[in-house]
Amino acid sequence: MIPAPFEYLRASSLAEAETALSSDDEARPLAGGHSLLPLMRLRLSRPSLLVDLEGLGELGGVSISGGALHVGAMVRHARLEHDEKVRSALPILAETAAQLGDPQVRNRGTIGGSVAHADPAGDYPTLCVGLDAEIVTTRRTVPASEFFTGLFSTVLEQGEIVREIVFPIADGPHRYLKHGHRLFDWALVAVAVQRVEGDWRIALTNVGPVPLRARRAEEALAAGASV
Ligand code: FAD
């Protein structure tokens, strides 16, 4: 199928994007299009206006400041896989990106789109919840534990744009273990395990409508259970 008719705007600034999205309840941001366009082709999503975030400098950076890793919403999976800052500050993020989709998906899809899309089988939302990341939008900063509200739903309001995700620096022992039907496919189930400042963090992908934090397992490890 082909999508229903829509208007298209290539935003030249974040302010222009926010204004356009706020003025039309059926307008949607466009990042890599790897989740939105398939939904539009099936006519499960019928935006009246797509506001393309491509090229907005405010959304494209990876930096370390204030003891945290800041990842812009439009940073693509392929960059996360290879970026030296990411690989040294938070290797589990690079390793997760490397397992996501196929090369075509990794070259187009973005972390902001993945987080906003809130697919229960998405890989980054699990890392966000497991690592107590913060989602910074054009309006507020939301802890990841409060950002995902249900199946494909988040606290984002009409016109609100994800700017960046702020992760703790964590270069200790870690693993993102993903089980799928095929290599480079969506997770049937996955687990993220990361040691952060002496504590183990564990989160699960695709076992509920939102990523699940395995608190009891974390507590058992803190109490001396062996890994
Ligand atoms: P888009 O499709 O452009 O947007 C997705 C949604 O987020 C839309 O509702 C859009 O309006 C909104 N949005 C986008 N950016 C923002 C923003 N900055 N602020 C607010 N809202 C925004 N994902 C996985 O996690 N693991 C996988 O194994 C995996 N495999 C895949 C395999 C295939 C074949 C395909 C097609 C996709 C796969 N994906 C997988 C999804 C992929 O990671 C997408 O890139 C991701 O879901 C986000 O898509 P996008 O960046 O292209 O965003």
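## A look at the sheet that holds strand β5 (residues 68-72)
- The strand order across the open sheet formed by 5 strands is β4-β5-β10-β6-β7, and the pairing between neighbours is antiparallel. Here the strands that pair on one side only, and so sit at the sheet edges, are β4 (62-65) and β7 (141-143). Adjacent strand axes in the sheet meet at a mean angle of 25°, parallel and antiparallel pairs treated alike.

## What to know about unusual backbone geometry
- If you check the backbone angles, R43 has positive phi at about 60° while not being a glycine.
- Examined against the element boundaries, R43 turns out to sit in the loop between α2 (36-41) and β3 (49-52).
- The exposure class assigned to R43 is partly exposed, which follows from its relative accessible area of 29%.
- Positive phi outside glycine occurs at D132, with the angle close to 55°.

## With respect to the site of the ligand
- Lining the immediate surroundings of the ligand are 30 residues, of which P29, H34, S35, L36 and T110 lie closest.
- One of the backbone N or O atoms of H34 is found 2.7 Å from an oxygen atom in the ligand.
- A distance of 2.6 Å is found between an oxygen atom of the ligand and a side-chain nitrogen or oxygen belonging to S35.
- When the free accessible area of the ligand is taken as 980 Å², the share hidden by the protein chains comes to 89%.
- When residues in the shell around the ligand are grouped by element, the largest group, 4 residues, is from helix α7 (residues 111-117).

## Re the pairing of β3
- Side-chain alternation along β3 places L49 and V51 on one buried face and L50 and D52 on a second face that is also buried.
- Pairing analysis gives 4 bridges linking strand β1 (residues 7-10) to β3, with the strands arranged parallel. Bridged to R10 within β3 is D52.
- The β-α-β motif built from strand β2 (residues 27-30), the intervening α2 and the parallel element β3 has right-handed crossover chirality.

Parameters at a glance
- Residues numbered from 1 in each chain as written.
- Predicted model: local features only at pLDDT ≥ 70, side-chain atom pairs only at ≥ 80, totals over all residues.
- Heavy atoms only, no water.
- Pairing = 2+ DSSP bridges.
- Helix = DSSP H or I, 4+ residues; strand = E, 2+ residues; numbered from the N terminus.
- Axes fitted to C-alpha atoms, helices over the stretch in contact; angles between N-to-C directions.
- Buried < 20%, exposed > 50% of the residue type's maximum accessible area, 1.4 Å probe, protein only.
- Near = heavy atom within 4 Å.
- Polar contact = N/O pair within 3.5 Å; in protein donor to acceptor, adjacent residues only side chain to side chain.
- Areas by Shrake-Rupley, 256 points an atom, 1.4 Å probe, with all protein chains shown as cover.
- Right-handed = clockwise from strand over helix to strand, strands pointing away.

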